Structures are given as structure tokens and as C-alpha cells.
Amino acid sequence: MASALYQSIELLSREKGIEPGIVVGAVEEAIALATRKFYKTQENMRGELNKETGEITAYVFKTVVADDDQVEDPVNQITLEEANELAPGVEVGSEIRMYKDTSPLGRIAAQLAKQVIFQKVREAERDTVFQEYAHREKEVLNATVKRIEGQDVIFDLGKAEARCPKREQSRLESFTVGERVRVVLLKVDRAAKGPQVIVSRAAPELVQNLFQSEVPEIYDNTVVIRAIAREAGERTKIAVMSRDKDVDPVGACVGMKGMRVQSIIRELRGEKIDIIEFSEEITTFAEKALQPAKVSRVSITDLGEKQLEVIVDDTQLSLAIGKKGQNVRLAAKLLGWKIDIKSEEEKRQEVEQQMQAMSGGPTTPIEQVTELGETIIQKLVAAGITTVEGLADMTPEQLEEIPGIGEKTLERISVAVRHYFGHFEEGEEGAPVEEAAAGETEELSTTEEGAAEAVVAAPNSDAAGDAEASSDGREPSPEAETQEPVAADDHIAGSARPEPHEHELSSNDEAAE
């Protein structure tokens, strides 16, 4: 029958979850250390526990060598001759024991032995905890709330204690001591003070485990959870697909009258859950992931970087983005793609800017048209018109809608724009043509010189052709004679450049006068 001491060791081992042999070894090592310290010796010493009687003994052991020449450590080695005197029949290489009396050991030695035993037991307990939980990461465990330390919650896992820090808790949850909950094992830290088990109530694996418990179709793999995105205490999006065409994956998870999903919501203290049907087509999946917002269209902008562009109606933009960007953030996490959400108006403006960049050349600031005056320029800039090209593209009706723009101002703007583009054309095109025409018009009459000037102003126009005809001795056409300059009110400001024949006719009339 085992002694009372050994029975106590077995009881301690069961409580700590460690092997009894580890505790026995700790006791024997502690006795040996206390005995060596009491006798103040450096000899190799061991302890021994008798399971039947509970007696603990300590002895010194020395290694037997052949003769004095082979003795390297006189404290821990003994010659064969000396060993035969103590124990006849020993052989070289064996060990000889010399027991020490442990009865004189006092209180100090007992205290030292106690410290050694506790240290060894703690080390064994840490190793047991690490080996038990190190390979079980992401596993859902049943735990009991043991105590609350500040913002951290300490759970009892049965064989060890686990810590749940504030960042791994849901803001909707509060715990009481003794409450049983399910937690996710995050990791096991092998710190200096021993393995520390970290658990979570905010991990997506907790939602997955709850669905497996509540939905039989998920448990038997008829319905498969393909992706989960969660923000604990706020909202969770879960994508499911069915392996059986006759089984609706979303309906199976929701349950009759929402009983299944409501049970999970109660376990998560009221956290919202969106159940989405998974699709292999990423654009279709993105439309469903952004629910409840209605998506107009989805396009892939960068396949390598996994970027999507989502266009929604102007009224759906805030719903698609969600509170503090939560809806689009969870959708991006669920898809594994980057999502850029734009409204129809933003997309239209972007397309217009791209078209202007492709078609338009350099733009000219409106301040360069000095004929307008500072007052008119300020009104135009306030209306968003900052370039000469933009001003030229506007119709008179559009200009009249600007506050402070009347008929006289409209006429002034029209004349200023026409003069600006007229000077621009004369500066770039007039000089080379004048040089070319100089040798041909030396002997022309005063009237003919006026017509030649019209040719110089716009050599490719119809009026130029008429002027050339008159220089040959023929009468000008009636149309050329009766054409009057176009009034400012009749001029459409929307044309980018004044038509060349307007300048030609104007120049011809001036020459005729």
C-alpha cells in the first residue's frame, strides 16, 4: 500500500494535471539539494523516495575508475581498490552509493526543499499547459468566467486559465463571474512566467462555430461558409453557398421565421448579421456583399491588384458606404478586393474630365482677356467659368443665367471673345501670308489694296476668293457687296473660334469705307 506522502503527491498531480512521476522527481531533487547544502559538499548527490514507506533518503554516488592515474575528479570518482573495500565485487565504470543521514536536516533545509518542489511543479504545469493548447489555435472552447481584472476577463478552461484582453471583446458584452461562454483560442505565449493562453470573443471563428451548432446543413457540409468578415459588436457579413441545388443556403441559415439566426444574434448580444449567397463571379458577389444598398454596376479596374469600381445611384451612396464606412469595409474584407465606390454624378464628372483631357489642348485663363474688365471676370469666375475656352463654349442663354450678366454685358463678352481669337489668328497666321502676298499687290489700286488686305486676313475664306476675283478685273459678287458685319447680339458665344469669313467680311467693309 502506498504511503500517505505518495498519496498526497498523486492528489496534487491530478489537481495540477501533471504526471505523479514529475512531482516525485521534484521531491527527490529537493532532498538531495537540501542535504548537499547541509553537509556543505560538492559531491554528486541524489534523493530517493520509497513509495511504500514514504521514507526519503539521500546518497552520494561516485564513479569507479581503475587506478589513481585515471582519477580526474577526486570528489566524484573513486578507485577500484577503494570501492572494493566499501562494496566488494564492483567493476570499473559502475557507481557506488554512500548514504547520508538526513535526520539532522533542520527547518532551513525543509524550506529550501519546499521552494524547489514548488518551482519544479510550476514548470511541469506550464509545460503541460503549452502542450495541451499550443496546437489548438482557432479552436472554440467552453469556458467559465473566473474573475475580471481591470478591462481583461480571466476564463477558466479547466486545465488552465485564459486571458481575454479588451481588444478581443465585443463592446455589447459584459460578463459576470461564473458565467459559461464560448471563446476562441487565439494563441499560447510561452512567456517567462509560463504559457499564457489568449482567447477572444471577437474572432470570426466564433460566428462560424455558432452557425455550425445552429444550422444542421452547415454541420453536414450541405451548406458551406466561404467567407466571414466581422466587426465585433457592430456587424458581421457571412457568405454561404450550397452544394445541393435544392437547398437555399441563405434560407437554411436564417431558418423558419429567422429562428436560427436569431439564436446566434442572442449569443452575440444583439450583433447584426448579414447572410449573403456566395458567387464565383466577383462582380455579382460584390453587388450582394454591398447589400442593402442597390448597386448600378461593378467593373474590375485592376485585376492584378484586385481593385473594383462600384457605381451606385446618388441616393444609395451613403447606404453603400455605411456608418463610418462600415458596410464597404466589411464588403472589401469579405471579397478580399479593394472597393472604390462612386455615385453616378461623380462618375459622370470623371468621364467629362477625361474627355476634356483627351480632346482639349492647353487652356487659357480668363484673366488674359483684358477687354472683359475685372467686374465681369469676377462674375464669370464666381459662376465657375475660369478659362477662355469654357467661356467660348457657352451659349447666350447660359450666360444670361449668370447673376449680373445682361444684354449689354453679353454683347461686351461676345466682342471680347471674338477679338481675342481674332488677334490669336492674326498673330499665328497673318504674318506669313502678308509676306507671300506683298510681291503680288504692289501695283494694285487703293480699292484693290483693300481687297488684298482681306486676302491677307484670311487667305482660305470665300471672301478672299471674291477679293482675288476683283483684282483680276472682274466685278465682285453681289453677296460680297451686301454682306454686313454680324452684330454682337447675333453672335453665338458658344463657338470655340469665330468663323474666318466674319473677319474677312469685316475687314473688306472697312477697306471699302
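Scroll up to find the structure.
Residues numbered from 1 in each chain as written. Predicted model: local features only at pLDDT ≥ 70, side-chain atom pairs only at ≥ 80, totals over all residues. Heavy atoms only, no water.

A. Quick peek at the overall build of the protein. Along the protein, the regular secondary structure elements total 20 helices and 15 strands. Residues classed as buried in the protein amount to 39% of the 513 residues present. Taking as baseline every contact in the protein between residues at least 6 positions apart, the subset at least 24 positions apart corresponds to 58%. Counting only carbon and sulfur atoms, one obtains 47% of the accessible surface of the protein, whose full area is about 30,200 Å². (Helix = DSSP H or I, 4+ residues; strand = E, 2+ residues; numbered from the N terminus. Buried < 20%, exposed > 50% of the residue type's maximum accessible area, 1.4 Å probe, protein only. Contact = heavy atoms within 4.5 Å. Areas by Shrake-Rupley, 256 points an atom, 1.4 Å probe, with all protein chains shown as cover.)

B. Quick look at the sheet that holds strand 12 (residues 272-277). Strand order across the open sheet formed by three strands is 10-11-12, with mixed pairing between neighbours. Both edges of this open sheet fall to strand 10 (223-231) and strand 12, since each of them pairs with a single strand only. Going across the sheet, the axis of each strand differs from the next one's by a mean of 20°, ignoring polarity. In this sheet, strand 12 lies alongside strand 11 (residues 235-242) in parallel orientation, the contact comprising six bridges. (Pairing = 2+ DSSP bridges. Axes fitted to C-alpha atoms, helices over the stretch in contact; angles between N-to-C directions.)

C. Structural view of the sheet that holds strand 15 (residues 338-343). Within the open sheet, the three strands sit side by side as 13-14-15. Their pairing is mixed. The sheet is open, and its two borders are formed by strand 13 (295-302) and strand 15, each paired with just one other strand. The sheet shows a mean angle of 25° between the axes of neighbouring strands, direction not considered. Alignment of strand 14 (residues 307-312) against strand 15, held across six bridges, turns out to be parallel. Within strand 15, the residue paired with Val312 across the bridge is Ser343. Most of the contacts of helix 9 (residues 282-289) go to strand 13, to which it runs at about 130°, and overall it touches strand 13 and strand 14. Here helix 11 (residues 326-335) sits on the sheet and contacts strand 14 and strand 15; the angle it forms with strand 15, its principal contact strand, is near 140°.

D. Structural context of the environment of Lys166. On the secondary structure map, Lys166 appears in the loop between strand 7 (161-164) and strand 8 (180-191). The exposure class of Lys166 is partly exposed, given its relative accessible area of 46%. In this structure, the C-alpha to C-alpha distance between Lys166 and Asp152, residues 14 residues apart in sequence, is 5.6 Å. Leaving out residues up to four positions away in the same chain, Lys166 has contacts with Gln151 and Asp152.

E. Summary view of helix 13 (residues 374-382). All buried positions along helix 13 are accounted for by Ile376, Ile377 and Leu380. The buried side chains of helix 13 occupy one side of the element, clustering within an arc of 100° when seen end-on. Opposite its buried face, helix 13 presents the exposed residues Glu374, Thr375, Gln378 and Ala382, each directed more than 90 degrees away. Two residues or fewer after helix 13 comes Gly384, characterised by a positive phi angle close to 95°. (Arc of directions from axis to C-beta.)

F. Layout of the environment of Lys333. Within the fold, Lys333 resides in helix 11. According to the relative accessible area criterion, Lys333 is partly exposed, its value standing at 47%. Separated by 105 residues in sequence, Lys333 and Ile228 have C-alpha atoms that sit 8.2 Å apart. Once residues lying within four places of it in the same chain are set aside, the contact partners of Lys333 are Ala229 and Arg230.

G. Unusual backbone geometry, seen in detail. Between Gln291 and the following residue, Pro292, the backbone shows a cis peptide bond with an omega angle of 10°. Within the fold, Pro292 resides in the loop between helix 9 and strand 13. For Asn221, which is not glycine, the phi torsion reads 70° and is therefore positive. Its location among the elements puts Asn221 in the loop between helix 6 (216-219) and strand 10. Phi at Lys257 takes a positive value of approximately 55°, unusual for a residue other than glycine. Mapped onto the fold, Lys257 is located in the loop between helix 7 (249-254) and helix 8 (259-267).

H. How the structure looks around the nonpolar core. Ranked by size, the top nonpolar core spans 26 residues in total, and within it Val310, Leu334, Leu335 and Ile341 carry the most contacts. Of all the secondary-structure elements, those providing two or more residues to this core are strand 10, helix 9, strand 13, strand 14, helix 10 (317-321), helix 11 and strand 15. In terms of residues, this core owes the most to one element, helix 11, which gives five residues. In this view, Ile341 contacts Leu290, Val310, Val312, Leu317, Ala320, Val328 and Glu346; residues no more than four positions away in its chain are not counted. Ala203, Leu210, Phe211 and Ile225 belong to the second largest nonpolar core, which has 21 residues in total. (Core = buried A, V, L, I, M, F, W, Y, C linked by side-chain atoms within 4.5 Å.)

I. Here's a closer look at helix 8. Those residues of helix 8 lying buried are Val261, Ser263, Ile264 and Ile265. Looking at the residues trailing helix 8, positive phi occurs at Arg269, about 65°.

The values are spatial; any link to function lies outside them.
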